[in-house]
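# Observations on the three-dimensional arrangement
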Amino acid sequence: MKLLFDMPAPALPVVGEEALFPVHRVLCVARNYADHAREMGADDREAPFFFSKPASSVLHEGGQVPYPPRTNDLHHEVELVVALQSGGSRLTVEQASDCIYGYAVGIDFTCRDLQAQAKDKGRPWDVAKGFDHSAPMAALTPVSETGLIDSGRIRLRVNGEIRQDGDIADMVWKVPEVIAELSTYYTLRAGDVIFTGTPSGVGAVVTGDELEAEVEGLTPLRIRLTG
């Protein structure tokens with residue numbers, strides 16, 4: 001049956017490949033580094049909890065990102081992103097590792113003021129996380145090139161100054177554990193991408209700021225916030 005109208009399909013470039021990786025949905029784990037959990041006022045190791053962003057929030061390969069409306073407190077959160085080539089439900093940690101297609105560096109942008117207002121009123125905070133261009137990502141590098149990533153430097157600079165600087169090894173819940181836990185809530189599918197948490201040092205950015213996000217061994221992400 002024919003669709004009433006065409007819709008753009010979010011997709012990510014892949015290092016060394018001409019074909020694009022289609023994005024099904026964007027899933028995110030919160031407070032997955034102990035130092036970030038502490039700076040947000042939480043315990044060092046709490047049970048993982050999740051939120052999501054629409055696939056339309058993905059912006060590939062950086063460039064210019066418009067500062068979102070309705071906020072005066074936009075925060076950066078550099079993250080390792082994991083892309084899945086297969087899925088399932090109630091996966092074991094070993095099965096979860098086999099689902100990984102590749103990795104990228106991404107930024108989970110958050111409207112911190114809108115999030116705080118929603119939390120205060122006991123409301124969902126989707127608009128603080130899922131706005132347009134809230135999930136910029138660099139090109140994916142296949143796991144065949146990287147191996148399973150469980151360590152490596154992760155950092156973010158704003159206008160050349162290091163704001164976040166951590167190591168993937170400091171994750172509270174490791175990548176396969178995150179995937180396995182997510183599979184108890186969702187039937188995961190090829191095309192799912194997972195933001196795996198951010199180290200400490202999150203903070204506000206403003207129009208004109210230039211951000212560079214890095215994960216050791218992956219293509220860096222560079223963006224500039226525009227008015």
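Scroll up to find the structure.
Presented here is an overview of the structure given in this document. Because the structure is a prediction, the values reported are computed rather than measured.

In this section: the overall build of the protein chain. Helix and strand counts for the protein chain stand at six helices and 18 strands. Taken over the C-alpha trace, the protein chain has a radius of gyration of 17 Å; the compact-globule value for 227 residues is 17 Å, and the two agree within 12%. Overall size of the protein chain, expressed as C-alpha extent along the three principal axes, is 45 × 40 × 35 Å. Within the protein chain, the proportion of its 227 residues that are buried is 52%. Counted over contacts in the protein chain with a minimum sequence separation of 6, partners at least 24 positions apart contribute 76%. Between the mean site of the 21 positive side-chain charges and the mean site of the 33 negative ones, the protein chain shows a separation of 6 Å.

Sheet topology note: the strand 13 (residues 153-158)/strand 14 (residues 161-167) ladder contains six bridges and is antiparallel. Across the sheet, the residue bridging to arginine 155 is aspartate 165, located in strand 14. Where strand 13 hands over to strand 14, the hairpin turn is made up of two residues, of which asparagine 159 adopts a positive phi near 55 degrees.

Before going further, it helps to examine the pattern of salt bridges. Taken as a whole and judged by the stated rule, the model has ten salt bridges. Ionic pairing is found between arginine 155 and glutamate 214, a salt bridge with its closest N-O pair at 2.7 Å. Taken together, the positions of arginine 155 in strand 13 and glutamate 214 in strand 17 (residues 210-215) put the pair 59 residues apart, joining distant regions of the chain. Glutamate 210 is the salt-bridge partner of arginine 224, the closest N and O atoms lying 3.9 Å from each other. Separated by 14 residues along the polypeptide, arginine 224 in strand 18 (residues 221-226) and glutamate 210 in strand 17 bring together distant segments of the chain. We classify arginine 224 as partly exposed; its relative accessible area is 35%.

All right, on to the state of the cysteines then. Using the criterion set out here, one finds zero disulfides in the structure. Cysteine 99 takes part in no disulfide bond, and the closest cysteine sulfur, belonging to cysteine 28, lies 18 Å away. Distance from the sulfur of cysteine 111, which forms no disulfide, to the nearest cysteine sulfur (cysteine 28) is 14 Å.

This paragraph deals with the packing of aromatic side chains. We describe a pair of aromatic rings using the distance from one ring centre to the other and the angle between the two ring planes. A full pass over the atoms with the stated rule returns three aromatic pairs. A ring pair is formed by phenylalanine 50 and tyrosine 185, whose centres lie 5.9 Å apart and whose planes are at 65 degrees; its orientation type is edge-to-face. In this pair, phenylalanine 50 is assigned in strand 4 (residues 50-53) and tyrosine 185 in the loop between helix 6 (175-182) and strand 15 (192-195), connecting sequence segments 135 residues apart. Overall, the relative accessible area of 55% leaves tyrosine 185 in the exposed class.

Turning next to helix 3 (residues 112-120). For an α-helix the count is 3.6 residues per turn, leaving residues at separations of three or four pointing the same way. What helix 3 keeps buried is the set Arg112, Asp113, Leu114, Gln115 and Ala118. Looking one or two places after helix 3, you find glycine 122, whose phi comes out positive at around 70 degrees.

Let's shift gears to the sheet that holds strand 18. Taken in spatial order, the five strands of this open sheet run 6-18-17-13-14, and their pairing is mixed. Strand pairing shows two members of the sheet lacking a second neighbour, strand 6 (63-66) and strand 14, which therefore form its edges. Direction aside, the axes of adjacent strands within the sheet are offset by 20 degrees on average. Bridge analysis of strand 13 against strand 17 gives five bridges, and the strand direction is antiparallel. Paired with arginine 155 across the strands is glutamate 214, a residue of strand 17.

What counts and what doesn't
- Residues numbered from 1 in each chain as written.
- Predicted model: local features only at pLDDT ≥ 70, side-chain atom pairs only at ≥ 80, totals over all residues.
- Heavy atoms only, no water.
- Helix = DSSP H or I, 4+ residues; strand = E, 2+ residues; numbered from the N terminus.
- Rg over C-alpha atoms; globule rule 2.2 N^0.38 Å.
- Buried < 20%, exposed > 50% of the residue type's maximum accessible area, 1.4 Å probe, protein only.
- Contact = heavy atoms within 4.5 Å.
- Lys, Arg positive; Asp, Glu negative; His and termini not counted.
- Charge placed at Lys NZ, Arg CZ, Asp CG, Glu CD.
- Pairing = 2+ DSSP bridges.
- Salt bridge = Lys/Arg side-chain N within 4 Å of Asp/Glu carboxyl O.
- Disulfide = S-S within 2.5 Å.
- Phe/Tyr/Trp six-rings, centres within 6.5 Å; stacked < 30°, edge-to-face > 60°.
- Axes fitted to C-alpha atoms, helices over the stretch in contact; angles between N-to-C directions.

Read these as spatial facts, not as claims about activity.
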